[in-house]
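# Remarks on the overall topology
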Amino acid sequence: MPRRRHAAALALLGVFALGCEGADAGPAPTGAPKPGRASSMAALGDSITAGLGSCRVYVACSRNSWSTGGAEAVDSHYQRLLAGNSTIKGRVRNFAVPGARAADLPAQAASAADAGAAYVTVLIGANDACTDDVDAMTPVRTFRSHLDKAFGRLGKGLPDSRILVASIPDVYRLWELGRENADAVRAWRRGICPALLADPTSTLPADDERRRRVADRVDDYNDQLAQACEAYGRRCHWDGGAAHGVRFSLDLVSKADYFHPSVAGQNRLADVTYAGRPDW
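Residues numbered from 1 in each chain as written. Predicted model: local features only at pLDDT ≥ 70, side-chain atom pairs only at ≥ 80, totals over all residues. Heavy atoms only, no water.

With that settled, consider the nonpolar core. By size, the foremost hydrophobic cluster in this structure holds 71 residues, and its most contacted members are L44, V120, L154, V165, W188 and F259. Looking at which element gives the most residues to this core, the answer is helix α9 (residues 205–232), with eight residues. If we ignore the near neighbours within four places in the chain, the residues touching V120 are A42, L44, A112, L154, L158, R162, I163 and L164. (Core = buried A, V, L, I, M, F, W, Y, C linked by side-chain atoms within 4.5 Å. Buried < 20%, exposed > 50% of the residue type's maximum accessible area, 1.4 Å probe, protein only. Helix = DSSP H or I, 4+ residues; strand = E, 2+ residues; numbered from the N terminus. Contact = heavy atoms within 4.5 Å.)

Dropping the structure here:
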């Protein structure tokens, strides 16, 4: 598989509130789902899928999630499935947690299995690369072992369910765009993704090399995500690098940290990841 430039997205904050509601959790209507349409879903991952920074306050805001969001401003996977199949209404869970790493994915997968989700989205790996320094990044082999364990739990607990695996967005491009923006630089200096964004205005060779090492490691993570999905079988769909390929501008990120997707950014992720999704 050709290697692509990928980069990470995460939050390294100590306290995360759950101040924004998730998708509509009203009573689910009765009736059989339409053929090929999931009647329930779950989201696994980190702060991107949790919608961090997409509300007016800097908290996890799952109602704006590209995957499970129920807000009108985001045409999420859940909203699109709901439009074609009313039986999914209220049958949606978001298990993504800000700060989660691949090591946390098996437990999230177990939760999705317990919930009986017919459709599961996965976006993970940001925090494995966005560590305090490059030497602390999760080794590629360890990363893959966590993926295999998580997919194993999904396969055992949800053998008939469909899985969508999204690639990690290109935050290296975000650094390229924001390194001369005073507001972005100020936000990044508060501790956002230190391995990549520490000393964001530095042009020293050592800093350039550090950033490249992070980007290369995330390339490796995304390759492993694609390979793990392929190994899972026909019920798993890799986005083909669509999320990574989003040309994020500063207009698509939260002004709280100039890192996480804003509402518009979440909507864009929903667009590109759903566009290539099979109708199974």
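We now examine the packing of helix α3 (residues 105–115) against helix α5 (residues 140–157). Running from N to C, α3 and α5 point in directions that differ by 10°, and their axes come no closer than 8 Å. Regarding the angle of α3 to α5, the classification is roughly parallel. Across the interface between the two elements, L105, P106, A107, A109, A110, A112 and A113 from α3 touch H146, L147, K149, A150, R153, L154 and G157 from α5. Classifying every residue of the contact of α3 with α5 gives ten nonpolar, two polar and two charged. (Axes fitted to C-alpha atoms, helices over the stretch in contact; angles between N-to-C directions. Parallel < 35°, antiparallel > 145°, perpendicular 65-115°, else oblique. Nonpolar A, V, L, I, M, F, W, Y, C, P; charged D, E, K, R; others polar.)

Here we take up the state of the cysteines. All chains considered together, the criterion is met by three disulfides. Sulfur-sulfur distance for the disulfide between C130 and C193 comes to 1.9 Å. Looking along the S-S bond of the C130-C193 disulfide, the torsion reads about -75°, which is the left-handed sense. Highlighted residues: C130 in the loop between α4 (126–129) and α5 and C193 in the loop between α7 (182–188) and α8 (194–197), separated in sequence by 63 residues. (Disulfide = S-S within 2.5 Å.)

Okay, the environment of V122 next. Topologically, V122 is positioned in strand β3 (residues 119–123). In this structure V122 comes out as buried when scored by relative accessible area, which is 1%. A C-alpha to C-alpha distance of 6.2 Å links V122 and L164, two positions 42 residues apart in sequence.

Let us now look at the pairing of strand β4 (residues 162–165). Direction of pairing for β3 relative to β4: parallel, over a ladder of four bridges. For T121, the partnering residue across the bridge sits in β4 and is L164. In terms of strand pairing, β4 meets strand β5 (residues 236–238) through three bridges, oriented parallel. For V165, the partnering residue across the bridge sits in β5 and is W238. (Pairing = 2+ DSSP bridges.)

This model, assessed by the stated rule, comprises eight salt bridges. For R80, the salt bridge is made with D75, and the minimal N-O distance between the two is 3.7 Å. Judged by relative accessible area, which is 19%, R80 ranks as buried. Across the pair R211 and D208 runs a salt bridge, and its minimum N-O distance is 2.9 Å. In this pair, R211 and D208 are both assigned in helix α9, three residues apart and thus about one turn of the helix distant. (Salt bridge = Lys/Arg side-chain N within 4 Å of Asp/Glu carboxyl O.)

Judged by pairing direction, the sheet is parallel, and its five strands sit side by side in the order β2-β1-β3-β4-β5 without closing on themselves. Edge positions in the sheet fall to β2 (92–94) and β5, since each of these pairs with one other strand and no more. Strand-to-strand, the axes of this sheet are offset by a mean angle of 15°, without reference to chain direction. Seen against the sheet, α3 touches β1 (41–45), β2 and β3 and runs at an angle of roughly 175° to β1.

Counting buried residues along β1, five of its five residues qualify, which places the element largely inside the surrounding structure. Burial along β1 is two-sided: M41, A43 and G45 facing one way and A42 and L44 facing the other are all buried. By the bridge criterion, three bridges tie β1 to β2 in an arrangement that is parallel. Considered in β2, the bridge of A42 is made with R93. Bridge count between β1 and β3: five bridges; the pairing is parallel. Each bridged residue has a counterpart across the sheet, and for A42 the counterpart in β3 is V120.

Everything listed here is a matter of geometry and, on its own, says nothing about what the molecule does.
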